[in-house]
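# Inside the fold
Residues per chain, in single letters:
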Amino acid sequence: MNRANKLTDEQYENNFEELTPPFTRNSAVSEAFRCLYCFDAPCIRACPTHIDIPTFIKKILTGNPLGSAKTIYESNWLALTCAKACPVDDLCEGACVLNEKGEKPIQIGRLQRYSVEYYLDSGKGNLFNKKSFNGKSVGIIGSGPAGLACGAELSLLGYKVEIYESDKVPGGLNTWGIAPYKTRQYDSLREVELIKNLGVTIHTCVTIGQTISFDELLNRHDAIFIGIGLGESENLDIPGENLKGVSGAVKLIKEIKKEKWSSIDIGRRVAVIGAGNTSIDAATNAKRLGAEEVTIIYRRSENEMPANNFEYELAKSDGIIFKFLTSPIEIIGNSSVEGLRCLKMELGEKDEHGRRKPVPVPNSEFEIPVDMVITALGQKFNAEFLELIPDIKISNRKLLVDTDTYQTGNPKVFAGGDCINGGKEVVNAAYDGKQAAHGIDRFLTNTP
Amino acid sequence: MIDLSTDCGGIKSPNPFWLASAPPSNSAYQNCKAFEAGWGGTVWKTIGGPVMNVCNRYGSLELNREKLVGINNVELISDRNIETNLKEIAETKRLWSDRAVVVSLMVESKKEAWQDIVKRTIDTGADGIELNYGCPHGMSERGMGAAVGQVPEYCKMITEWVTEVSSIPVLVKLTPNVTDIRFPARAVKQANADGIALINTINSIMGIDLDTLKILPSVAGKSSHGGFAGPAVKPIALHMVSQVANDPEVNLPISGVGGISTWRDAAEFILLGSSSVQICTAVMHYGFRIIDDLIEGLTNWMESKGFSTIDEIKGKALNQISDFGNFDLLHKTVARIDQGKCIHCNLCYISCEDAAHQAIDLKKVNGYNETTVKEEECVGCSLCALVCPVDECITMVRVDDESASKTWNELTSEFKDQGKPLTWENLAEFQKKYGIEIH
Ligand SMILES: Cc1cc2nc3c(=O)[nH]c(=O)nc-3n(C[C@H](O)[C@H](O)[C@H](O)COP(=O)(O)OP(=O)(O)OC[C@H]3O[C@@H](n4cnc5c(N)ncnc54)[C@H](O)[C@@H]3O)c2cc1C
Ligand SMILES: Cc1cc2nc3c(=O)[nH]c(=O)nc-3n(C[C@H](O)[C@H](O)[C@H](O)COP(=O)(O)O)c2cc1C
């Protein structure tokens, strides 16, 4: 592969420097002062976990940062990752009433980080009292945010909780997926540690379905929670996909989170296929690793692009090139990638979701010279594993659950996170996990 | 474990936070909702004889962008029928036996009137009575409220009528609109009150609308002084609480009121001798939900300081209060600027240069203005540290070697012993001996 020059350690550190630095106490208090302390605030409703945002901000202002952290953790066990990685423009900050006043919204994510890090740095133990052990145990598959949140909540409710994780390191995509300029492995592991301290056991290097069968798990526990997320990036299903220099976005980002940056080979010219948030992560990460030219290829137009505005702006400021209305049809090269053959597209009739369908422009084939292709068309859904579980229902690449209790078709089995929603955000997984814990508790205590 | 429970003159509550007698404690609905949220007690909105309120009762002091730094009101006592109030008080107490339900009273200055309402209040099952000698407007024109609180003899007389017949604790709420708060406090002590609540609101005029020239708040073109409360009055209230707490002739439990919005404010009132604290304006601004942070913040602070009960902190700061004559004249501090933290706003420079002792240098260094303290000129007034917008950028550092101390009282009595009159020359001789130079 025609690979980009390696950078110095200092250059890598600079490139991956965090986007939003922490507040000092002084700046946190100044920002907290701007909050109006709304009642029944829109920001609370916009947060999928419904954190009582005005209250936690008010507590920063009064000099009660521990209490502030407690308010946050009452609603969300993944408060640190969410503070740093949530798409806040689309959620809490987008809903802040100050937007309507024509002012900048409160920097809620940053303030949340302030309180949460204050608490984590303080060395203070558990913020909540645990109910005493009720004799029941729950097995959780997957230690991503959904599994962790479910485990933490169940542990407080008095259950023995065991999480089974196929990876060597727990945390799911919080550890391996979030771009390093938002969170580092260290952040995710701090959160894992907090949850372990509540009494949750995590067995790593255990793949359910391989190391232990699902039936065996059902025997061991009174109920099961599935938080397996999604899998590797989807294939493109075009010729040339096996050439050297083609990688899935999820795999590449995991490498970036795991390995020394200088050990990762990146092409000089990189094409990223797809325009979701993960595509942008892959593109900006590639650029930060030293790629000279990074192009995002998307078959619809700017208007239909699934990436949110924050990510789009970030990509543009990183100098990422966007080729809209372009569809790849073949990756060319001898042993490794040399180029990408594409078709120009135009928007036709609306599909069933009301989005205009891209249709190829006749005779519009062209080639882009690239050294690397990163695929980011969403993640694979692990149907093979799930289909092993009796009575479970799957539809549209989503595991079906009751919206209130998170119970699947199998009464002893509950689920949440990316595997039930098709792939959303950490904050959704955190909410699902917590709610499912209460669904499990209601099921096991026979309370309606 | 932290125990926040408290006893104020025989009135017990699970935490020291009470609603002050004011709009938030107007009805059973409100008081029960507050208890639900976690408040330890309430002082029911003052009940008494027939009154009618007017529209535009409140005015707000807004500083820069901050709303309700202070609130002014011309509201009277409860304008709801007394029967309704008494019924609701009984109902509230029945539902919330573990909380303090105190009833604020104000009637005409007649013995029968006072003794009658006291008896009817006791019949509700309330835990205590608070006598409102504070309302500074309207009621005082009718010879009640501050008209009583401003005359120690009246305070004593009415309190005696009440304590004579009351089987439950009696607190007296004082008006701050007096020259020396200790006099009414001593008067009610002599009349056997069980405790003192202070302060009520301070006489004030909120301001004038410069478009219409109307005084605010305006009642159809007329205005009057109103009672001022809220964060702005806290320092005045703290002082009065400390004066009453430190007065050996009073020696009564105190319920502290005036400008409390956060747990920090509450802690300060308790450190200056309050057994419970009462809050009005902060609830008027944000609602009962502030109790969560009040309780949690106070608890966390006590835990971090190793305190476990309210009694341990009550009055803990009082012994520092002293006369100026006992301050050490040789205690010497100077300002130090942390150049790493400085953001180059130069406010320290201009305040010192124009309004203090010209002890800060301003020099261009690398395109920035660098401010440095000329320590030999610095008088240690701390103005620069107070105007600095950055935390811990300017600190006041003690520079004397702590080997000597001399108070004004000691100095003047030495002068006397040595037969020296107090003259500028003799003072200069003392200053010179200790290297003190006044320019
Ligand atoms: C590249 C990328 C960037 C992202 N960036 C953001 C972002 O900035 N902000 C944001 O909010 N969200 C982001 N997301 C989305 C977010 O990471 C996910 O929504 C969230 O992690 C889903 O949580 P989960 O617990 O459902 O699954 P996951 O986090 O995927 O965790 C699933 C876990 O289950 C384990 N597992 C799977 N099968 C088994 C099995 N059979 N036995 C044992 N263990 C098993 C896996 O190893 C994994 O650890 C990003 C996603 C990606 C892919
Ligand atoms: C609108 C308003 C009405 C009040 N009414 C009463 C009252 O009826 N009886 C009373 O004793 N004090 C009354 N007060 C005074 C308060 O109880 C309290 O002493 C004062 O507001 C200071 O506390 P704060 O700074 O927490 O508001 C009133 C205050 C306000 C602002």
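Residues numbered from 1 in each chain as written. Chains lettered and ligands numbered in written order. Predicted model: local features only at pLDDT ≥ 70, side-chain atom pairs only at ≥ 80, totals over all residues. Heavy atoms only, no water.

## Remarks on the confidence of the model for chain B
Scored by pLDDT, chain B has a mean of 96; 100% of the residues are at 70 or more. For this predicted complex, the interface confidence reaches an ipTM of 0.82, while the overall pTM sits at 0.90. (pLDDT = per-residue confidence, 0-100.)

## Concerning the domain arrangement of chain B
Looking at chain B, the domain boundaries give domain 1 (6-318) and domain 2 (322-439). Here the C-alpha centroids of domain 1 of chain B and domain 2 of chain B sit 41 Å apart. (Domains from an automatic or database assignment.)

## Brief notes about the site of ligand 1
Residue and element names in this part refer to chain A. Neighbouring ligand 1 are 31 residues, the closest being Ala 85, Glu 165, Leu 173, Lys 182 and Asp 418. For ligand 1, a nitrogen atom lies 3.2 Å from a polar atom in the backbone of Ser 166. A distance of 2.9 Å separates an oxygen atom of ligand 1 from a polar atom in the backbone of Leu 173. In the complex, 92% of the free accessible area of ligand 1, which totals 990 Å², lies under the protein chains. Taken together, the residues of the shell around ligand 1 sort by class into 13 nonpolar, 12 polar and 6 charged. The residues that make up the shell around ligand 1 include at least three from each of domain 2 (137-231 + 381-444) and domain 3 (246-375). (Near = heavy atom within 4 Å. Polar contact = N/O pair within 3.5 Å; in protein donor to acceptor, adjacent residues only side chain to side chain. Areas by Shrake-Rupley, 256 points an atom, 1.4 Å probe, with all protein chains shown as cover. Nonpolar A, V, L, I, M, F, W, Y, C, P; charged D, E, K, R; others polar.)

## Side note on the site of ligand 2
All names here are of chain B. Taken together, 24 residues lie near ligand 2, and Ser 21, Thr 46, Lys 173, Gly 259 and Thr 281 sit nearest. Lys 173 is positioned such that a nitrogen or oxygen atom in its side chain is 2.7 Å from an oxygen atom of ligand 2. Burial of ligand 2 by the surrounding chains reaches 98%, relative to a free accessible area of 610 Å². Listed by contribution, the elements that provide at least two residues to the shell around ligand 2 are strand 4 (41-48), strand 6 (66-73) and helix 9 (281-286). A breakdown of the residues in the shell around ligand 2 according to their chemical character gives 11 nonpolar, 10 polar and 3 charged. (Helix = DSSP H or I, 4+ residues; strand = E, 2+ residues; numbered from the N terminus.)

## Details of the interface of chain B and chain A
The interface of chain B with chain A comprises 17 residues on the first partner and 21 residues on the second. In this assembly, chain B packs against chain A so that about 1500 Å² is buried in total across both faces, 40% of it on carbon and sulfur atoms. Of all residues in chain B, Arg 65, Arg 289 and Asp 391 of chain B bury the most surface against chain A, accounting for 36% of the area lost on that side. The interface formed by chain B and chain A contains 4 salt bridges. For the side of chain B that touches chain A, the secondary structure elements donating two or more residues are helix 8 (263-271) and helix 10 (291-305) of chain B. Ranked by the residues each element gives to the side of chain B that touches chain A, the list is headed by helix 10 of chain B, at 6 residues. In the side of chain B that touches chain A, the residues fall into 5 nonpolar, 3 polar and 9 charged. (Contact = heavy atoms within 4.5 Å. Buried area = accessible area lost by both parts, 1.4 Å probe. Salt bridge = Lys/Arg side-chain N within 4 Å of Asp/Glu carboxyl O.)

## A few points about the domain arrangement of chain A
Residues and elements named next belong to chain A. For chain A, the assigned domains are domain 1 (19-122), domain 2 (137-231 + 381-444) and domain 3 (246-375). Distance from the C-alpha centre of domain 1 to the C-alpha centre of domain 3: 34 Å. Facing 4 residues of domain 1, the contacting portion of domain 3 comprises 4 residues. Of the roughly 300 Å² buried between domain 1 and domain 3 on both sides combined, carbon and sulfur atoms contribute 60%.

## Quick look at the sheet that holds strand 4 (residues 223-226) of chain A
In any sheet, the strands associate via hydrogen bonds between backbone groups, in a parallel or an antiparallel arrangement. Residue and element names in this part refer to chain A. Judged by pairing direction, the sheet is parallel, and its 5 strands sit side by side in the order 3-2-1-4-16 without closing on themselves. Looking at strand neighbours, the two that pair on one side only are strand 3 (201-203) and strand 16 (413-415), the edges of this open sheet. Averaged over all pairs of adjacent strands, the angle between strand axes in this sheet comes to 25°, irrespective of strand direction. Here helix 19 (residues 426-444) sits on the sheet in contact with strand 1 (137-141), strand 4 and strand 16, set at roughly 165° to strand 4. (Pairing = 2+ DSSP bridges. Axes fitted to C-alpha atoms, helices over the stretch in contact; angles between N-to-C directions.)

## Focus: unusual backbone geometry
Of note, the bond from Leu 198 of chain B into Ile 199 of chain B is cis; its omega dihedral lies within 30 degrees of zero at 15°. Relative to the helices and strands, Ile 199 of chain B resides in the loop between strand 10 (195-198) and strand 11 (202-204). Look at the link from Leu 216 of chain B to Pro 217 of chain B: it is a cis peptide, with omega at -10°. Turning to its location among the elements, Pro 217 of chain B is positioned in the loop between strand 13 (215-216) and strand 14 (226-229). With phi around 70°, Asp 391 of chain A is a residue other than glycine that occupies positive phi space. In this fold, Asp 391 of chain A is placed in the loop between helix 17 (383-386) and strand 14 (394-395). For Asp 391 of chain A, a relative accessible area of 53% translates into the label exposed. Positive phi outside glycine occurs at Ala 220 of chain B, with the angle close to 50°. By the secondary structure assignment, Ala 220 of chain B is in the loop between strand 13 and strand 14. (Buried < 20%, exposed > 50% of the residue type's maximum accessible area, 1.4 Å probe, protein only.)

## Points about the pairing of strand 17 (residues 333-337) of chain B
All names here are of chain B. Counting buried residues along strand 17, 4 of its 5 residues qualify, which places the element largely inside the surrounding structure. Of the pairings in the sheet, the one linking strand 17 to strand 20 (residues 394-398) comprises 5 bridges and is antiparallel in character. The residue of strand 20 that forms the bridge with Arg 336 is Thr 395.

## Overview of the packing of helix 10 (residues 145-156) of chain A against helix 19 of chain A
When two helices pack together, their arrangement is captured by the angle between the axes and the distance separating the axes. All names here are of chain A. In the contact formed by helix 10 and helix 19, the axes pass within 7 Å of each other and the chain directions differ by 35°. The handedness of the crossing between helix 10 and helix 19 is right-handed. From helix 10, Pro 145, Ala 146, Ala 149, Cys 150, Glu 153 and Leu 154 reach across to helix 19, where they touch Val 426, Ala 429, Ala 430, Gly 433, Lys 434, Ala 437, His 438 and Ile 440. Of the residues in the contact of helix 10 with helix 19, the class split is 10 nonpolar, 2 polar and 2 charged. (Left-handed = near helix turned anticlockwise from the far one by under 90°.)

## Here we look at the side chain of Glu 130 of chain B
Residues and elements named next belong to chain B. Looking at the secondary structure, you find Glu 130 in strand 8 (residues 128-132). Within polar-contact distance, the side chain of Glu 130 engages the side chain of Gln 278 at 3.0 Å. When neighbours within four sequence positions are excluded, Glu 130 is seen to be in contact with Ser 21, Val 43, Val 102, Val 103, Ser 104, Leu 105, Leu 171, Lys 173, Ala 197 and Gln 278.

## Some words on the environment of Ser 242 of chain B
All names here are of chain B. Within the fold, Ser 242 resides in helix 7 (residues 234-246). A residue is classified by how much of its surface remains accessible, and Ser 242, at 6% relative accessible area, is buried. Sequence separation between Ser 242 and Phe 269 is 27 residues, and the spatial gap between their C-alpha atoms is 8.5 Å. Excluding its chain neighbours within four sequence positions, the residues that come into contact with Ser 242 are Leu 272, Leu 318 and Ile 321.

## Observations regarding helix 15 (residues 277-288) of chain A
All names here are of chain A. For helix 15, with 12 residues, the first-to-last C-alpha span of 16 Å sits near the 16 Å given by 1.5 Å per residue. For helix 15, a buried count of 9 out of 12 residues is recorded, marking the element as mostly surrounded by other parts of the structure. Where helix 15 is concerned, the buried positions are Ser 279, Ile 280, Asp 281, Ala 282, Ala 283, Thr 284, Asn 285, Ala 286 and Arg 288. Taken from the residues just after helix 15, Gly 290 is the one with a positive phi, measuring 120°. (Expected span 1.5 Å × (residues − 1).)

## Observations regarding the nonpolar core
Counting 92 residues, the largest nonpolar core has Tyr 73, Trp 77, Phe 214 and Ile 226 of chain A as its most contacted members. With 8 residues, the top contributor of residues to this core is helix 19 of chain A. Not counting residues up to four positions away in its chain, the partners in contact with Ile 226 of chain A are Ile 141, Phe 214, Leu 386, Ile 389, Ile 392, Leu 399, Val 413, Phe 414, Ala 415, Gly 416 and Cys 419 of chain A. Counting 82 residues, the second-largest nonpolar core is a separate cluster that includes Cys 32, Val 101, Ala 185 and Ile 313 of chain B. (Core = buried A, V, L, I, M, F, W, Y, C linked by side-chain atoms within 4.5 Å.)

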